[in-house]
Amino acid sequence: MWDFSTEPEFQRKLDWMDAFIRDEVEPLDLVFGGHAYRDMDDRLRGIVEPLKRQVKDQGLWACHLGPELGGQGYGQLKLALMNELIGRSGWAPVIFGCQAPDTGNAEIIAMYGTAEQKERYLQPLLNGECFSAYSMTEPHAGADPRLFRCRAVRDASGDWVISGEKYFTSNASSASFLIVMAVTDPEAHPYKRMSMFLVPADTPGVEILRNIGTIGERPGHGAHAHIRYDDVRVPPEALLGEEGGAFAVSQARLGGGRIHHSMRTVAAVKKAFDMMCERVLSRETHDGLLADKQMVQAAIADSYIQIQQFRLMILHTAWLIDQSSTREARTQIAACKVAAARVFHDVVYRAMHIHGALGVSNETPLARLWQSAPLMGIMDGPTEVHLASISRRVLRGYSPAEGPWPTEFLPDRIAAARAKYGLSGSG
């Protein structure tokens, strides 16, 4: 059981990570920002590969995976402590072999893939030799699988033929293969209609219509593809898991991804908070430091409380997962996802506001963090969906009142208590 202390040996690993990310990885963000998920030229590869080797030598490569897949099997609690550091840098996930969406893709291939699929797709992914993409959402349906139209039909030869469009498939332009969710039985139960397929990116018929960026990126530039699958033919062995089993596969994948996003959010909001604290101690007004102003003090205190509450929620959820599974901790994972969006928005906004004009300029990380704030409430499922899910699960532990009045209706409670002690009257 975790008792709010960390084993000295693992703390030494965290200390090494802290210094390594600060001194060797974060500089990559400054001069090679946006290149982490692209094909590297020889110069960049000569910088990145030795850094990956240092991580592997420390036994910190792909730690989300078990030893049988080349990881350390640390469990979610230790991963949470690691991700608090990794989340500071856009390059760090690649350097540590735990970048999204590859982590989730690797996990489901490990769980559901055949021996041949693991050799062809999983091993290169684990070795850091390629990238992958997860092609699920659709232009008209978003992430609601009940509305998906992309079809996969088996023809007379036994091959599957995939036809349809997918939207916001992250990293598709640099991926070696895609995991595609397609409807295979439109007449089945909504959660049994779909299957997963492993599709090499160079398969004829895979067409990237355009790449979409997020807030702040120029039109036509970005890492999220709108893809058309135009009669894409794949063999029977491309099926990942059981036919009709895509929903279960996706839930296994998304649960881990959501908690990992939340873990890394701690690092992002901590960076904004550190900048805010430094700023209020550095910036003077006509009658003293910003730190002396009560409204500024309230912003610092509110941010500290939110971050502490959020961090403890994540660590507790990680502990629960280690004790059971992501499935058993679904309510807590959803709560972390909702909290991540709110904490990110609140803390980054306060930091940006306190920095004044500098905070909204492009000369600090704050503006880019702020542009990411809306994404936190959308990616891996919108906040509203998670709120509804939390509510449904929480309410399963409650029952309606047995009579016309609430259980805590005081006149009935008092009458029952008086009867218990043999009291009569109203005295």
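Residues numbered from 1 in each chain as written. Predicted model: local features only at pLDDT ≥ 70, side-chain atom pairs only at ≥ 80, totals over all residues. Heavy atoms only, no water.

A look at the overall build of the chain
And then number 1: In terms of helices and strands, the chain carries 12 helices and 10 strands.
And then number 2: Oriented by its inertia axes, the alpha-carbon framework of the chain measures out at about 90 × 65 × 45 Å.
And then number 3: Relative to all contacts within the chain whose residues are 6 or more apart in sequence, the contacts with residues 24 or more apart total 70%.
And then number 4: Carbon and sulfur atoms provide 54% of the accessible area of the chain, an area that totals close to 22200 Å².
And then number 5: Here the chain contributes 45 positively and 51 negatively charged side chains, and the mean placements of these two sets differ by 4 Å. (Helix = DSSP H or I, 4+ residues; strand = E, 2+ residues; numbered from the N terminus. Contact = heavy atoms within 4.5 Å. Areas by Shrake-Rupley, 256 points an atom, 1.4 Å probe, with all protein chains shown as cover. Lys, Arg positive; Asp, Glu negative; His and termini not counted. Charge placed at Lys NZ, Arg CZ, Asp CG, Glu CD.)

Here's the deal with the domain arrangement of the chain
Size of an interface, as often reported, equals the accessible area lost when the parts are brought together.
And then number 1: With domains assigned, the chain is organised as domain 1 (8-113), domain 2 (132-240) and domain 3 (248-396).
And then number 2: Computed from C-alpha coordinates alone, the two centres of domain 2 and domain 3 are separated by 31 Å.
And then number 3: Opposite the seven residues of domain 2 that make contact, domain 3 presents seven residues.
And then number 4: Among the residues domain 2 hides against domain 3, the three largest losses belong to Y134, T214 and I215. Together they make up 59% of the total. (Domains from an automatic or database assignment. Buried area = accessible area lost by both parts, 1.4 Å probe.)

Concerning the environment of G288
And then number 1: Checked against the element boundaries, G288 lands in strand β10 (residues 288-289).
And then number 2: Given the relative accessible area of 23%, G288 is considered partly exposed.
And then number 3: Through-space distance from the C-alpha of G288 to that of L30 is 34 Å; in sequence the pair is 258 residues apart. (Buried < 20%, exposed > 50% of the residue type's maximum accessible area, 1.4 Å probe, protein only.)

Observations concerning the pairing of strand β2 (residues 151-154)
And then number 1: Of the strand pairs in this sheet, β2 and strand β3 (residues 160-170) are connected by four bridges, and their pairing is antiparallel. Residue R154 lies in a different strand from β3, and its bridge partner there is W160.
And then number 2: Taking the residues between adjacent antiparallel strands as the criterion, β2 and β3 are bridged by five residues, where G158 takes a positive phi near 95°. (Pairing = 2+ DSSP bridges.)

Side note on the UniProt feature "domain: Acyl-CoA oxidase/dehydrogenase middle" (unreviewed entry) in the chain
And then number 1: Residues given the UniProt feature "domain: Acyl-CoA oxidase/dehydrogenase middle" (unreviewed entry) here are residues 133-231.
And then number 2: In the segment residues 133-231, helix accounts for 0% and strand for 47%; the C-alpha atoms at its two ends are 19 Å apart. (UniProt positions renumbered as here; feature names shortened; annotations may be inferred.)

Describing a positive patch on the surface
And then number 1: On the surface, R327, R330, R392 and R396 cluster together to form a positively charged patch.
And then number 2: Here R330 is to be found in helix α9 (residues 330-354). (Patch = residues over 30% accessible without salt bridge, like charges linked within 9 Å, V, L, I, M, F, W, Y side chains within 5 Å. Salt bridge = Lys/Arg side-chain N within 4 Å of Asp/Glu carboxyl O.)

A short note on the nonpolar core
And then number 1: In this structure, M17, M82, W91, I95, F96 and I179 are the most contacted members of the largest nonpolar core, which totals 93 residues.
And then number 2: When residues in this core are grouped by element, the largest group, 12 residues, is from helix α7 (residues 246-282).
And then number 3: Membership of the second largest hydrophobic core comes to 20 residues, among which are C150, A152, V199 and I227. (Core = buried A, V, L, I, M, F, W, Y, C linked by side-chain atoms within 4.5 Å.)

A few points about the state of the cysteines
And then number 1: Enumeration according to the criterion identifies zero disulfides in this entry.
And then number 2: Take C336: it sits in no disulfide, and the sulfur closest to it among the cysteines is that of C98, at 18 Å. (Disulfide = S-S within 2.5 Å.)

Some details on the packing of helix α1 (residues 8-31) against helix α2 (residues 42-57)
And then number 1: Relative orientation of the contacting elements α1 and α2 amounts to 170°, with a least axis distance of 12 Å. Judged by the angle between their axes, α1 and α2 are roughly antiparallel. On α2, the residues touching W16, F20, E24 and L28 of α1 are I47, L51, Q54 and V55.
And then number 2: Of the residues that constitute the contact of α1 with α2, the class distribution is six nonpolar, one polar and one charged. (Axes fitted to C-alpha atoms, helices over the stretch in contact; angles between N-to-C directions. Parallel < 35°, antiparallel > 145°, perpendicular 65-115°, else oblique. Nonpolar A, V, L, I, M, F, W, Y, C, P; charged D, E, K, R; others polar.)

Points about the environment of D39
And then number 1: Among the secondary structure elements, D39 is positioned in the loop between α1 and α2.
And then number 2: Given the relative accessible area of 69%, D39 is considered exposed.
And then number 3: Placed 223 residues apart in sequence, D39 and S262 show a C-alpha to C-alpha distance of 27 Å.

What about helix α11 (residues 383-395)?
And then number 1: Look at α11: 18 Å from first C-alpha to last across 13 residues, which is about the 18 Å you get at 1.5 Å a residue.
And then number 2: Among the residues of α11, those classed as buried are T383, H386, S389 and I390. All buried residues of α11 fall inside an arc of 125° around its axis, so they share one side. Away from its buried face by more than 90 degrees, α11 exposes E384, R392 and L395. (Expected span 1.5 Å × (residues − 1). Arc of directions from axis to C-beta.)

Concerning the packing of aromatic side chains
And then number 1: Using the criterion set out here, one finds 10 aromatic pairs in the structure.
And then number 2: Arranged with centres 5.2 Å apart and planes meeting at 75°, the rings of F10 and Y74 form a pair that is edge-to-face. Here F10, found in helix α1, pairs with Y74, found in the loop between α2 and α3 (76-86); they are 64 residues apart in sequence, far enough to count as distant.
And then number 3: Take F10: its relative accessible area is 4%, and that puts it in the buried class.
And then number 4: Here the aromatic cluster, defined as three or more aromatic residues joined through ring pairs, consists of W16, F20 and F96.
And then number 5: Looking at K78, its charged tip hangs above the ring of F10, at a distance of 4.9 Å from the centre. (Phe/Tyr/Trp six-rings, centres within 6.5 Å; stacked < 30°, edge-to-face > 60°. Lys NZ or Arg CZ within 6 Å of the ring centre and 35° of its normal.)

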